[in-house]
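Summary of the model geometry
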Amino acid sequence: MVGFIAAGFPELSENALTAFRNGLRETGFDEGRNVRIEYRWAHNDRARIPGLVADLIRRRVAVIATPGTVPAAIEAKAETSTIPIVFSTAGDPIRAGIVASLSRPGGNVTGVASMNHELLGKRLELLLQAVPAARRIAVLINPNSQYADITASEAQQIAALFGRQVEILHAGTDREIDTAFAALAEKHAEALVVTPATLFINRREQLAALAARHAVPAIYFERENAVAGGLMSYGPNELEQYRLVGVYAGRILKGEKPADLPIARPTKFEFVVNLKAAKALGLTMPNIMLAVADTVIE
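The text that follows walks through the structure, step by step, so that each part is easy to find. (Residues numbered from 1 in each chain as written. Predicted model: local features only at pLDDT ≥ 70, side-chain atom pairs only at ≥ 80, totals over all residues. Heavy atoms only, no water.)

The subject of this paragraph is the environment of Arg135. On the secondary structure map, Arg135 appears in the loop between helix H4 (120-130) and strand E6 (136-141). A relative accessible area of 43% means that Arg135 is categorised as partly exposed. Along the primary structure Arg135 and Glu190 are separated by 55 residues, whereas in three dimensions their C-alpha atoms are 7.0 Å apart. A polar contact of 3.0 Å, which involves the side chain of Arg135, links it to the backbone oxygen of Gly163. (Helix = DSSP H or I, 4+ residues; strand = E, 2+ residues; numbered from the N terminus. Buried < 20%, exposed > 50% of the residue type's maximum accessible area, 1.4 Å probe, protein only. Polar contact = N/O pair within 3.5 Å; in protein donor to acceptor, adjacent residues only side chain to side chain.)

The subject of this paragraph is the sheet that holds strand E10 (residues 232-236). Pairing within the open sheet is mixed, and its seven strands lie in the order E7-E6-E8-E9-E10-E11-E12. Across the chains shown, the open sheet's two edge strands, defined by having one partner strand only, are strand E7 (165-170) and strand E12 (295-297). Strand-to-strand, the axes of this sheet are offset by a mean angle of 20 degrees, without reference to chain direction. Where H4 meets the sheet, it contacts E6, strand E8 (191-194), strand E9 (218-220), E10 and strand E11 (269-274), and its direction lies at approximately 155 degrees from that of E10. Together, E6 and E7 form the strand contacts of helix H5 (residues 148-161), whose direction differs from that of E7 by roughly 160 degrees. (Pairing = 2+ DSSP bridges. Axes fitted to C-alpha atoms, helices over the stretch in contact; angles between N-to-C directions. Contact = heavy atoms within 4.5 Å.)

What follows deals with the packing of aromatic side chains. Scanning the model with the defined rule gives four aromatic pairs in all. Summarising the aromatic geometry, the rings of Phe4 and Tyr39 are spaced 5.6 Å apart at their centres and angled 65 degrees between planes, so their arrangement reads as edge-to-face. With Phe4 in strand E1 (residues 2-6) and Tyr39 in strand E2 (residues 37-41), the pair connects residues that are 35 residues apart, well separated along the chain. Of the residues examined, Phe4 reaches a relative accessible area of 1% and is grouped as buried. When the centroid spacing of 5.8 Å and the interplanar angle of 55 degrees are considered together, the rings of Phe4 and Trp41 count as tilted. Here Phe4 is found in strand E1, whereas its partner Trp41 is found in strand E2, with 37 residues between them in sequence. Assigned by exposure class, Phe4 and Trp41 land together as buried. (Phe/Tyr/Trp six-rings, centres within 6.5 Å; stacked < 30°, edge-to-face > 60°.)

And the structure:
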């Protein structure tokens, strides 16, 4: 039996669940045939996570998968040293205290690290290619993230390298997203970088609609944001990470030890441009950007 904990909502995670199940299937495990999956959802409420972890431990699942939900991985690691844990994270799992090494994680934990947070500089570079006249850049961060302070500090440093001013905006709930965009307008920010967070994945349509309403060019961290109406995205394929978590969970079910499974890293990063969103913003995207984009949405 596999335990699965996610931060968001099941109705918003169908593609991710399919990718996870596909990963399990690649290793010979098919839900409903030879493996059972116990799903637990935090509904964007971090306070629910300890109870969800405790419930799966009581049920003696064979492995706990926590894709995209670092607090669940940390909680599970603190509560059990015997049940294997497979995580995925957008940040540095060593810095987060999840594992001691990428090559040999040790203990009962392994997983996938996209290092998505480390792509802030590249996203800002791409955004400024689209809106070179922008001088004041807003950066949206979930303050509940383990990487919030680090991301804010790096945003300040990177913006200074580009000779730009930066405004840090925080949003940890749906309502705070609305508040952050109101602050963005008050601070006269001319462009926006949205940093990786499960909340921002689950609220991609809300983010795209608010960016359009406030007429602010924005770059996001996964292709689904651009598909939902955002201007641009740059980052690793999120669904591939869920698939890899499923693969690792399956390998552990077959008898491999998490301590011996190195932290998987993405090998491909996707740049997506939404021309419909650009037109609505009155932007003409440079030809060089369209030429290097992996996907151009027309």
